[in-house]
Amino acid sequence: MRQFLLPLVRHLLMAGLLAMPVTTAEAQGLPGVLPPVKEGLEIGTSTTEIAITSDFRGADLTVFGALNNADELFLAIGQYDVVVTLEGPRDYATVRRKERVFGIWMNTQSMTFEQTPESYSIASTKPLTDIQPVAQLNRLGLGINHMTLSPTGYLGNAAQLTDFREAYRRLKVGGGLYQNDTTGVRFVSSSLFRASLRLPANVPDGVHLVHAYLFKSGVLIAQKDLPLRVVKTGLEQAITDAAHEKPLAYGLFCVMVAVVTGWGASLLFRKD
Amino acid sequence: MTVYLPIAELSVNIFIILGMGAAVGFLSGMFGVGGGFLITPLLIFYNIPPVVAVATGANQVVASSISGAISHFRRGTLDVKLGSVLLIGGLAGATVGVWIFSWLRRLGQLDLIISLLYVVFLGTIGSLMLMESLRAMRRAAKNQPVTLKRPGQHNWVHRLPLKMRFKKSKLYLSAIPVIGLGFGIGILTSVMGVGGGFIMVPAMIYLLRIPTNVVVGTSLFQIIFVTAYTTIVQAATNYSVDIVLATILMVAGVIGAQYGVRVGQKLRGEQLRALLALLVLAVGVRLAIDLIITPADLYSLQIGGGRG
């Protein structure tokens, strides 16, 4: 009986003894002594839905986030970096290049990219290339200059591909649909951060995705995403829906409005 | 004050659109034209996508033509039978035109073709009108009587088969050139967003020898139905008719037209035509310049449209 119980007691004792220093070490924040605790990331947005009203001029989205189990020492020396992106709905995008033909400029070459986000806004604690090496950013597809832009079908020469990719990014940034803010994420307390993202006036409607990445000493350790709906409201929504879902009735309605306007004017301004 | 255009998907200043509609309405009332050939380029200059500008322009022409057609119908200066034959060609042309429109859009050449067509048509019509009105003004200055040239009573058009009798126009004419003319105008309506009166009226007078008193009313009759049909087909295939934009343009347009008519009645015919010719040429030149000068960015971007 004794022989039987002894190992069990010893086992329990050992477990208890081992458990004690773990908690104390964690509380004292001694890095390297014990296996690291997995950090967590929580995010929330100021709103889950953005409405495009008739006087819509763009909107700001604030993303709040918290780091769980953050290592005080790493926090103190700024080893945690946060990147927050807001990606619009995806669609094919065709870039065309003009050339002079018989004196006039016309589109001669084109390249279509696979499902790229229609809008893209990124905020980070510091410039992306200071957080990650370029190769790693390309692998993650993180950042305007690193997102995946793969052409459909045809594969032209590499120089041309680079030109078209650059043009795509330039046009998107120029049109305000792609935005980059390298200081857009700020820590408001030791483990709370706030990211500000801008939605331009021409933001596409649909489901957007807020994606937060947490880096610790240049290693991606956690990520989280949240959907954000951008919707046209009221009359704008009704018109868009009608135009796409009942196009025939919508067309008839447009003609009717024209007939009523024209006829009404001729009645209203009749001289006799 | 900005207003969001749900189909064009951009915000515009409502006063600029109102001003544009009123100005074109004023001119169309003054010169007795539909105004589609001015509205569409103006919208393009204001960065409205050409796809939306053309389809919405067609819709606007419905409104601006309807009051004119009503008054012609009341006065009896409208040949419904001739108009209907024109219309058969027009509807077929508009159908083909929308198909060409979608095809050019897929190819990425739509904007270029729209601009080119405008440059060619506005340039030709503007030059012809300017020369004609200058001649008329010179004649008027010398106190010579204005005589319309009528070279030979019959031309090749009148030797074609399938003749029909048009009582109101007092004509016995082959249906082929009438349908053909309607067809051509129908294509222009859907590709350029114009009524096409500026081409149809001269063609009816000089080519088909239709009496001038029924020409305007009959062309308006055909224009209303073809532009209405084009609006519906554009809405159904390209989803490109913006009702908000169209309504602002139409309301401002019909009001502007009323004042245009009053001013037009005070001006002399040839002066009026010379002014219109200069305006038409100016719009054509502006579009031509955009085609010739090196664009700020050689690249352009189109979203959607499948795998391209």
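Residues numbered from 1 in each chain as written. Chains lettered and ligands numbered in written order. Predicted model: local features only at pLDDT ≥ 70, side-chain atom pairs only at ≥ 80, totals over all residues. Heavy atoms only, no water.

Colleague: Whenever I open this one, the overall build of chain A confuses me. Can you help?
Modeller: For chain A, the count of helices and strands is 7 helices and 12 strands. Sequence-distant contacts, at least 24 apart, represent 68% of the contacts inside chain A between residues at least 6 apart. With the model as given, the accessible surface of chain A reaches about 14,900 Å², and the carbon-plus-sulfur share is 60%. (Helix = DSSP H or I, 4+ residues; strand = E, 2+ residues; numbered from the N terminus. Contact = heavy atoms within 4.5 Å. Areas by Shrake-Rupley, 256 points an atom, 1.4 Å probe, with all protein chains shown as cover.)

Colleague: What is the right way to read the nonpolar core from this model?
Modeller: If you look at the biggest cluster of nonpolar residues, it comprises 83 residues, and the most contacted ones within it are Tyr250 of chain A together with Phe37, Leu43 and Met204 of chain B. With 8 residues, helix H3 (residues 50-75) of chain B is the single largest residue contributor to this core. When sequence neighbours within four positions are dropped, the list of residues in contact with Phe37 of chain B reads Tyr118, Leu122, Val194, Phe198, Leu276 and Val280 of chain B. Counting residues in each nonpolar core, the second largest holds 29 residues, with Ala70, Val84, Val203 and Val210 of chain A among its members. (Core = buried A, V, L, I, M, F, W, Y, C linked by side-chain atoms within 4.5 Å. Buried < 20%, exposed > 50% of the residue type's maximum accessible area, 1.4 Å probe, protein only.)

Colleague: How should I be thinking about a nonpolar patch on the surface in this particular structure?
Modeller: On the surface, Met1, Phe15 and Leu18 of chain B cluster together to form a nonpolar patch covering roughly 330 Å² of accessible area. Take Met1 of chain B: it is sitting in the segment before strand S1 (2-5). (Patch = residues over 30% accessible without salt bridge, like charges linked within 9 Å, V, L, I, M, F, W, Y side chains within 5 Å. Salt bridge = Lys/Arg side-chain N within 4 Å of Asp/Glu carboxyl O.)

Colleague: For this particular structure, what's the right way to read the UniProt feature "transmembrane region" (unreviewed entry) in chain A?
Modeller: Within this structure's numbering, the places UniProt gives as "transmembrane region" (unreviewed entry) are residues 248-269 of chain A. Between the end C-alpha atoms of residues 248-269 of chain A the distance is 32 Å, and the span holds 95% helix and 0% strand. (UniProt positions renumbered as here; feature names shortened; annotations may be inferred.)

Colleague: What is the right way to read helix H4 (residues 80-107) of chain B from this model?
Modeller: Since the α-helix packs 3.6 residues into each turn, any two residues three or four apart lie on the same face. All names here are of chain B. Spanning 28 residues, H4 covers 39 Å between terminal C-alpha atoms, matching the ideal 40 Å at 1.5 Å per step. For H4, the side-chain oxygen to backbone nitrogen distance between the N-cap and Lys81 is 3.2 Å, and the N-cap itself is Asp79. Note on H4: the residue one or two positions beyond its end, Gly108, has a positive phi of about 80°. (Expected span 1.5 Å × (residues − 1). Polar contact = N/O pair within 3.5 Å; in protein donor to acceptor, adjacent residues only side chain to side chain.)

Colleague: Quick question: what am I supposed to make of the UniProt feature "transmembrane region" (unreviewed entry) in chain B here?
Modeller: As annotated by UniProt and renumbered to match this structure, "transmembrane region" (unreviewed entry) occupies residues 12-45, 82-104, 110-130, 171-194, 214-232, 239-260 and 272-293 of chain B. Helix makes up 75% of residues 171-194 of chain B and strand 17%, and the two end C-alpha atoms of the span are 28 Å apart.

Colleague: Whenever I open this one, the pattern of salt bridges confuses me. Can you help?
Modeller: When the charged atoms of two side chains with opposite charge come close together, those side chains can pair. This structure, assessed with the given rule, holds 10 salt bridges over all chains. For Asp81 of chain A, the salt bridge identified is with Lys126 of chain A, shortest N-O distance 3.3 Å. Remark: Lys126 of chain A occurs in the loop between strand S7 (120-124) and helix H3 (128-131) and Asp81 of chain A occurs in strand S4 (residues 80-87); sequence separation between them is 45 residues. Here Lys232 of chain A ties to Glu9 of chain B by a salt bridge, and the two come within 3.3 Å at their closest N and O atoms. Taken together, the residues span two chains, with Lys232 of chain A in strand S12 (residues 219-232) and Glu9 of chain B in the loop between S1 and strand S2 (10-13). When its relative accessible area of 42% is taken as the criterion, Glu9 of chain B is described as partly exposed.

Colleague: I keep staring at the packing of aromatic side chains and nothing clicks. Help me out?
Modeller: When we look at a pair of aromatic rings, we describe it by the centre distance and by the angle of the planes. Following the criterion strictly, the structure yields 8 aromatic pairs over all chains and no others. With a centroid separation of 5.8 Å and 55° between ring planes, the pair formed by Tyr120 of chain A and Tyr178 of chain A is classed as tilted. Of this pair, Tyr120 of chain A sits in strand S7 while Tyr178 of chain A is found in strand S8 (residues 178-181), placing the two residues 58 residues apart along the sequence. Classification of Tyr120 of chain A as buried rests on a relative accessible area of 2%. Ring geometry for Tyr168 of chain A against Tyr178 of chain A: centres 5.9 Å apart, planes inclined by 80°, an arrangement best described as edge-to-face. Taken as a pair, Tyr168 of chain A in helix H5 (residues 158-174) and Tyr178 of chain A in strand S8 lie far apart in primary sequence, 10 residues in all. The class of Tyr168 of chain A is buried, set by a relative accessible area of 0%. Through successive ring pairs, a cluster of aromatic residues spans Phe113, Tyr120, Tyr168 and Tyr178 of chain A. Seen from the ring of Phe74 of chain A, Lys216 of chain A lies directly overhead, with NZ or CZ sitting 4.6 Å from the centre. The ring of Tyr259 of chain B has Arg262 of chain B lying over it, and the distance from NZ or CZ to the ring centre is 5.4 Å. (Phe/Tyr/Trp six-rings, centres within 6.5 Å; stacked < 30°, edge-to-face > 60°. Lys NZ or Arg CZ within 6 Å of the ring centre and 35° of its normal.)

Colleague: I keep staring at the sheet that holds strand S5 (residues 299-303) of chain B and nothing clicks. Help me out?
Modeller: Backbone hydrogen bonds are what pair the strands of a sheet, in a parallel or an antiparallel way. Taken together, 3 strands build an open sheet; the order of strands is S6(A)-S5(A)-S5(B) and the sheet is antiparallel. Two strands bound the open sheet, and with one partner strand each, they are strand S6 (104-117) of chain A together with S5 of chain B. Each adjacent strand pair in this sheet contributes to an overall mean axis angle of 25°, direction not counted. Relative to S6 of chain A, strand S5 (residues 90-101) of chain A runs antiparallel, the two sharing 11 bridges. (Pairing = 2+ DSSP bridges. Axes fitted to C-alpha atoms, helices over the stretch in contact; angles between N-to-C directions.)

Colleague: Help me understand the sheet that holds strand S9 (residues 185-187) of chain A in this model?
Modeller: All names here are of chain A. Strands sit in the order S1-S3-S10-S9 across an open sheet of 4 strands; the sheet is antiparallel. Each having just a single partner strand, strand S1 (40-45) and S9 make up the two edges of the open sheet. Taking the axes of each pair of neighbouring strands and ignoring which way they run, one obtains an average angle of 25° across the sheet.

Colleague: Sorry, what's going on with the packing of helix H6 (residues 175-192) of chain B against helix H7 (residues 197-207) of chain B here?
Modeller: Packed helix pairs are specified by the crossing angle of their axes together with the interaxial distance, meaning the distance between the axes. Residue and element names in this part refer to chain B. As a packed pair, H6 and H7 sit with axes 10 Å apart at the nearest point and diverge in direction by 170°. Between H6 and H7, the interaxial angle falls into the category roughly antiparallel. At the point where H6 passes H7, the crossing takes the right-handed sense. Across the interface between the two elements, Leu181, Ile185 and Leu188 from H6 touch Ile199, Met200, Ala203 and Met204 from H7. Looking at the contact of H6 with H7 residue by residue, the class counts come to 7 nonpolar, no polar and no charged. (Parallel < 35°, antiparallel > 145°, perpendicular 65-115°, else oblique. Left-handed = near helix turned anticlockwise from the far one by under 90°. Nonpolar A, V, L, I, M, F, W, Y, C, P; charged D, E, K, R; others polar.)

Colleague: What should I look at first to understand the interface of chain A and chain B in this one?
Modeller: Of the residues lining the interface, 57 residues belong to chain A; the matching set on chain B comes to 55 residues. For the pair chain A and chain B, the summed buried area comes to about 4,800 Å², and 63% of that belongs to carbon and sulfur atoms. Counting the surface chain A buries against chain B, the share from its top three residues, Arg96, Trp105 and Phe269 of chain A, is 14%. If you look at where chain A meets chain B, you find 2 salt bridges. The interface formed by chain A and chain B holds 17 residue pairs in polar contact (both at pLDDT 80 or more) in total. Counting only elements with at least two residues in the side of chain A that touches chain B, the list comes to S5, S6, H5, helix H6 (234-245) and helix H7 (247-268) of chain A. Tallying contributions element by element places H7 of chain A first for the side of chain A that touches chain B, with 16 residues. In terms of residue class, the side of chain A that touches chain B is made up of 27 nonpolar, 13 polar and 17 charged. Relative to S5 of chain B, S5 of chain A is paired through 5 bridges, and the arrangement is antiparallel. The residue of S5 of chain B that forms the bridge with Val95 of chain A is Leu301 of chain B. (Buried area = accessible area lost by both parts, 1.4 Å probe.)

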